[in-house]
Every structure is written in structure tokens, then in C-alpha cells.
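Descriptive analysis of the structure
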Amino acid sequence: MFEKALKGNNYYWMWLAFLGFFVAVAAVCYLRQYFYGLGLTGMTRDVSWGIYISQFTFLVGVAAGGVMLVLPYYIHNYKAFGKITILGEFLAISSLLMCMMFIMADLGQPLRGLNVLLYPTPHSMLFWDMCVLWGYLILNALCGWVILTAERKQVHPPKWIYFFVYLSIPFAFSIHTVTAMLYCGLPGRHFWLSAIVAPRFLASAFAAGPALIVVMALILKRVANFDAGKEAINKMVTIIIYAAIANMFFVGLEFFVGFYSDIPGHKHTLQYLFFGLEHHGHVYNNLVPFMWGFVALFLVGIALITHPYTRKQSDLWLGLGCASIFLAFWLDKGIGFVLGGFVPTPTEEIVQYYPTLNELFITVGVWAAGFFILTILYKIAIGVEHEIEA
Amino acid sequence: MYDSGKIIPGLIIFVLFITIPIWYNRGGASTAPKIELPKDAKTCVLPAAEIRAEHMKLLNVWRDEVLRDGKRAAITIEGKQYPKSLMLTCMKCHTSKKQFCDKCHTYASVEPYCWDCHLAPVE
Amino acid sequence: MDTNRRNFLKVAGISTLAGLGGTAVVDRLVAGAGMAQASTSTSHGTEQAGTAAKAGATRYGMVIDIKKFYQDPSLGEKAVKACHQAHNVPNFPDKRDEIKWIWMTKFENAFPEKPNLYQDEATANNQLPILCNHCDNPPCVRACPTKATFRGDDGIVGMDYHRCIGCRFCMAACPYGSRSFNWRDPRSFVANLNRDYPARTRGVVEKCNFCVERVQIGQLPACVEAVSESKALIFGNLNDPNSELRKILKEKHTIQRNPSLGTLPSVFYIV
């Protein structure tokens, strides 16, 4: 079915070339980083994880979001999602590949990456994270490919694939739970040491993932003559609304615990993120605009996608609303959650993090690579769709 | 065969490419390098043929024994006691990394990463 | 595709996988006898004790006399210099790349669980040394995905620089900020190389190792030896009830860093 990706109109090739340019730039930047060391990034002894790991954390959520299409369709027989489960599965593949690229970019000794497999360590969450990430990638690739092939041949998918489809559902929940467990089990980081981290991750994933799928479905309607169907889009938006509200509720609970108990460990990071933290005469607040941007984008997004006019009539405002939610949760999870955990440091000092240009180019390049893969996968899916309609 | 005009030249190019390691350096192989053996010691930790074949594995075994298991029992060479250490034992006899280690490694195109951390003797 | 050809390819594929998998399994089982020996000895080094004193087993610990460091600030300098010199710890001009195994800091940074608005003058104006606590229940060892950091049988939390992949999960896990990462090649930033000890390469995490290479041959850690006259640092076996260390712990009141986290540190501070 790959031949479907080799034929396209000029916009298709221009889009791929545009993405390819950023991938090439990132490749050069990564080589610079590989030979110099991670000192080319903005990370320091005190903020030892930066935007690479924060993007990884967010993208695991986006990958898990695909389950919000698979679950209703395969378990609850919600037929309207039939056309678009493939979008969720292919998004999961592309997001997981982006996650792995970010991890490889972040490793100090990437060529030793296989040590995680050669010396398996069941008590380490990073080991399990790698297992479930690979497992989910293989599951999605397998299920997506086999089912798409079956659709192309206009036959029922083989019975054995349903075992893997049903397996992929708990896997989706587990990849993001394990990623949350990377954070919520560390005794030294009070901002992360909270049971609600995993539910919060899942809620934001189930909003951000489908939000991206809705945006792309709307774009595909424009450029590729692929209509997901009003009912499917409507149901996805409903899921996004409830998941987004759940996430904000959980964030609100974190605020309550921090500010009502007034315990510094719980409170200080939230202060740093949202209001600025004063320490020895200096106010540290470099992330404050991002966090209020998150709140604002959420409110704008939720207002847009709940409004009856948007739901019934306007694709443009619906797309903008979903993009707004996606961006909001990118700020919340990527920027706020991961970077916030390092402030204050275990020795109660404050070090702010600023990514370098090299780091930013690599980040942009990995996102571009992800969208490149996604474009090709979607081209295949839509190509098959058009073929069977004809 | 369909498209034989494309397939056969393609196959030939592929075979040539895949067998580059075999034909690229033909006739260019020099003789095995002559390494400088230490003047003041006759035997190494293991007999010559064994140490030549197994020194990478031996160093790994030493590393795991010393670092992870704390087994620092000394080894005896020609009556003298030595610790299980690259820097403190091997390089004390083989005092020139360039004349000893590098000669064979360069010839065999091997780049061990030992020296990223371990300090070679001053030359 | 012809059904026969398809079936043929299916059978060929599955039997190849079975053949490869089968040989791998047999190899594993054969080598398993040998590997089991190796792995028991290596897994020894990774187990966490959990409880404090295990009869018979050594557990190294250290007592730091804070007042002595307050009274004589040069002691701190001596300790840090001895350690960093002995282990080729680089000195970077840019604080972002900083690597430190033991360093001087203020009381409120060492003991963030004990904030105090009205500190005594000595505490307010002086500094004390902090280092890796070599916890009995180390979160960093729990976090490491390759067992590159491990708890040895003698209580020392060690680092295997050969295995570290530089993921920095241990740095996130350590509640004391004891770990540093090599953000770039450190070799040129070491002032005087100690040729009897290796340096590190870029991309690996490092930290105080309780001078395991000295302790295991009966010497004292470099920092302890550097201030040995003042006895500001005392090192010994916590599991030996007759050691100098245990005597001091019986006589003096000591505190530990972040005790509520349950990490069971091996470093004690005399206030």
C-alpha cells in the first residue's frame, strides 16, 4: 500500500519538502550536539530535563489519545468511528516514533541505548516505559496495517487481529500511566509526587489526541476529499470537552492541595509557574506567560467547541477551537509540568531553564519528522479509502 | 523478465556495493604491525595467544568484578602482585599506548572507547 | 498472489523465525548455566538493603561535624579539593556545566525540611559540606533503567560509567541533588590529572563514590583524610557496633537530610 504515498498533487510534495527542510536542519543540529555533548542545550545540573523530555511526555499522551477512537468502535460497536480509527492508529505510530526520537536526542550516550534491553531492570519505570512504548507501536502498526489491507480488499479483517486490537486498548492506558509513573514515584520532587499525575496525564491525553485528530480530519476534508462524517466529529468533540474539563478539574485540585495546605513543597512550584516565585530578593517567573497562555487557550478553546454554532455549522471555528485545546495542553504538560518539577531544586535553589537555538531546531525537526511520517501514513489511508469508494 | 533493463544493472550495482569491504582494499593490506613489547616483563596476565584474543573480555570481567562485586583480589604476574586495573596494571608494563595498543587497533580498524575515560600513560 | 506461493512463504517465514528463535533459546539455556553465575554476582550489587543494619554485612557511613566546619572554613576547601583532585572532577567556568561530588552549602539548602527564620549566627554565616548520602534505600538506584547505578553490598551506591546511557533519570530521582552530568567532554577542564584514576567522558552521570577504590583497600576517603586532624569527617562501618562511627553516633545528637522521604541515608550530621 506504500505506493499510495508516492502519488500526490503539488501541495502534497511541497508540504513534504517543507517538513523535510526542518528535518534536515535538525539532523545537522543533532550532529553538532552529538559531537559536543548535551551542553549545547539549555539544560543544566539543576534542570536536567528540558524540552526534549517534555515533548516526549506530551507526545506519549497524544499517542494514547488514539484509544478514544478505538475503544468506542471495537468494544462498543460505535459504527460512526469506523472510518477514522485508522487516523487514530496512524497518529499513534507517528507520535510514538517522535517520542523515541526525542528520547534518543536526549540521551547522553545514545549508542548505549540498547543497555536498557541488555540489562533489563524491572524496578525502573524507564525500562517499562520503553517496553510499553515499543509494544504499543508494534500493536498499532500491526492492527492499522492489517485492518487497512483488509478494507482495501473489501473483506473482513482476519479474526486473529482482534486479539491485538483489544490488547492495544489497555496498552494505550498503560503507556501514559507508565510515563506518569516516571514522575509520580520520585521522592525528591514534591510537585510531581502526587497520585493525580496519572489521571491528569490521561485526561489531558484524551483531550489533546482527539483534538489533533479532529483538526486533521477537518484539514483532510479540505485538501484530500476525505470526510470523517459529522457524527464522528461530533462525538470526538464531546469526548474532548469532557476530557479537557476533567484535566482542568485535576489541575484545580492540585492548586487546592498546594495553596490550602500551604505546605511549601506543594505550593512553591505552582507559585513559580503561575505567579512567579520570590527567592532571596529575586522573582523567578519565566514560565508565567506560558501558564496563563495555557489557561487562556483552554477557555477560548472550550468556548469555541461547546458553542452550538461551531458544533453545527463552522468547520473553521471548530478546528481553531480544537487547535486551541491542543496547544493549551501542550503548554500545560510539556512546559508547565515537566519543567516545573525542577523548580525549586532539591536544595531549595532556583535555576531557570531556557532552551538554546540548537535545541529548538532539533525539537522542531523531530516534530517535522513526525508530521512527515503522519502525512505519508494518512496519504496511504486516504488512498485506500478513495480506492474502495470508487 | 520485465524491466530487465533496470533490474540487471541495479542488481550489479547492489552486489558491487554490498561487497565493497571485500574488494575496496584489495592489494592494500600491509603486514601485521610489529608492536613494542615491554622490556622488563616476560609474561602478561594470561599467555600471549590467550591475552591477544581475550583481552577485551578480560577487561570487562575485571570491570564487573572490581566495580560491581568489590572483588579487588590482586593478581600475580611473575611473583609480583597487581590490581585488576587497566591503568594501574596493563599500562604500567605496556607504557606506550601508541606503540602497543594503537598499532594493532588501527590495523584492525578497531576504536575502543576505553580512552574516553581511562587515562593513557604520558608519552 | 498464487495461494500456493503464499502458503509457501508463510511456512518459510515461520520456520525461519522458529529456527532462529529456537537456536537463540538453546544458546541461552546452555549459556544460562554460566550466565546464572555471572548474574548472581552482578545482581548482588543491585539489591537494596531496605532495613538498616544487616548482621555481618558492612555498611559504610560518615558523620559530619557541622560546628567544626563552621569554626574553620578552610576545612571545607580542603575536603572538596582533595576529593575533586583525587577523582579528576573537572572545574567548569560556566555554572551550568558544573560537576561537583562534595561541596559547601548553607544549612537551609542542606536541610530544606528544617527552615528556620531565626538562625543562630554561626549557621547563618557559614557553610557545611554535602555529598551523596549513599542511602540504604536509594531512589536513584530504583530509577536507573540499566543498573548503571547500584547499591553495593558494603552500602556504597556506585556508578558504572561504562553502562550509563545518560538518561538522567537518577538525577531527577535524587532528593538531595547529589548528582552531576557531563554536559561536554570534561578532560580539558581537569587542572591536574590524577594519573592513577580515570576521568569520565561526556554523556554520563557522576557523583561521590565514597572513595570505594580507597575504602576497599583499607584507606579512608580522600575528603576524610584531608581533614583527619580536625576529625570534622568520620568514616566507618555503621554495622560494626564498636566502630568509632557508632561511638560518636551514640554520644552526639545527629540529624539527617530529608528524613521523611525514607531514603535511610548513611551520612549523619552533628548539629
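Report on the accompanying structure. (Residues numbered from 1 in each chain as written. Chains lettered and ligands numbered in written order. Predicted model: local features only at pLDDT ≥ 70, side-chain atom pairs only at ≥ 80, totals over all residues. Heavy atoms only, no water.)

Our focus in this paragraph is the interface of chain C and chain A. If you look at the interface, chain C gives 46 residues, while chain A gives 43 residues. Counting the surface lost from both chain C and chain A, the interface buries some 3700 Å², and carbon and sulfur atoms represent 53% of this. Ionic pairing is found between Asp 106 of chain A and Arg 168 of chain C, a salt bridge with its closest N-O pair at 2.6 Å. At the boundary of chain C with chain A, the tally comes to 28 residue pairs in polar contact (both at pLDDT 80 or more). Those elements giving two or more residues to the side of chain C that touches chain A turn out to be α4 (107-110), α6 (139-143), α7 (169-173) and β6 (180-181) of chain C. (Contact = heavy atoms within 4.5 Å. Buried area = accessible area lost by both parts, 1.4 Å probe. Salt bridge = Lys/Arg side-chain N within 4 Å of Asp/Glu carboxyl O. Polar contact = N/O pair within 3.5 Å; in protein donor to acceptor, adjacent residues only side chain to side chain. Helix = DSSP H or I, 4+ residues; strand = E, 2+ residues; numbered from the N terminus.)

This brings us to the sheet that holds strand β9 (residues 254-255) of chain C. Residue and element names in this part refer to chain C. With mixed pairing, the four strands of this open sheet are ordered in space as β8-β1-β10-β9. The outermost strands of the open sheet, each flanked by one partner alone, are β8 (233-237) and β9. Here β9 runs beside strand β10 (residues 267-270); their pairing, made up of two bridges, is antiparallel. Bridge pairing in β10 links Thr 254 to Ile 270. (Pairing = 2+ DSSP bridges.)

Let's shift gears to the nonpolar core. Nonpolar side chains in soluble globular proteins tend to end up buried together. Ranked by size, the top nonpolar core spans 191 residues in total, and within it Phe 329 of chain A together with Met 62 and Tyr 269 of chain C carry the most contacts. At 17 residues, the largest contribution of residues to this core is made by helix α8 (residues 197-223) of chain A. Apart from the residues within four sequence positions on either side, Tyr 269 of chain C is in contact with Ile 64, Ile 66, Phe 111, Leu 128, Pro 129, Ile 130, Leu 131, His 253, Thr 254, Ile 255 and Arg 257 of chain C. If you look at the next biggest cluster of nonpolar residues, it comprises eight residues, including Val 63, Ile 234, Phe 268 and Ile 270 of chain C. (Core = buried A, V, L, I, M, F, W, Y, C linked by side-chain atoms within 4.5 Å. Buried < 20%, exposed > 50% of the residue type's maximum accessible area, 1.4 Å probe, protein only.)

With that settled, the discussion passes to unusual backbone geometry. Cis geometry is found at the peptide bond from Val 343 of chain A to Pro 344 of chain A, where omega equals -10°. Mapped onto the fold, Pro 344 of chain A is located in the loop between α13 (315-340) and α14 (357-389). The phi torsion at Cys 211 of chain C lies on the positive side, around 50°, for a residue other than glycine. The residue Cys 211 of chain C is located in the loop between β7 (205-206) and α8 (212-215) in this model. Look at Cys 211 of chain C and you get buried, because its relative accessible area is 5%. For Leu 264 of chain C, which is not a glycine, the phi torsion comes out positive at approximately 50°. Tracing the chain through its elements places Leu 264 of chain C in the loop between β9 and β10. Relative accessible area serves as the criterion here: at 34%, Leu 264 of chain C is assigned to the partly exposed category.

Now for helix α3 (residues 73-86) of chain C. All names here are of chain C. Look at α3: 21 Å from first C-alpha to last across 14 residues, which is about the 20 Å you get at 1.5 Å a residue. Among the residues making up α3, those that are buried are Leu 75, Gly 76, Ala 79, Val 80, Cys 83, His 84 and Ala 86. Packed against the buried residues of α3 are α2 (66-71), β2 (102-105), α9 (222-226) and β8. One or two steps after α3, the chain reaches Asn 88, where phi turns positive at roughly 55°. (Expected span 1.5 Å × (residues − 1).)

Looking now at the state of the cysteines. All names here are of chain C. For the structure shown, the criterion picks out zero disulfides over all chains. Cys 211 provides the cysteine sulfur closest to Cys 83, a residue in no disulfide bond, and the two sulfurs are 6.1 Å apart. On the basis of relative accessible area, Cys 83 is assigned to the buried category, the value being 6%. The closest cysteine sulfur to the non-disulfide-bonded Cys 164 is located on Cys 170, 6.3 Å from its own sulfur. Since its relative accessible area comes to 7%, Cys 164 is described here as buried. (Disulfide = S-S within 2.5 Å.)

The side chains of a regular strand alternate, residue by residue, between the two faces of the sheet. Residues and elements named next belong to chain C. Side chains Leu 128 and Ile 130 project from strand β3 (residues 128-131) onto one buried face, and the interleaved Pro 129 and Leu 131 project onto a second face that is buried too. In this structure, β2 lies alongside β3, joined through four bridges in antiparallel fashion. Of the residues in β3, the one forming a bridge with Thr 105 is Leu 128.

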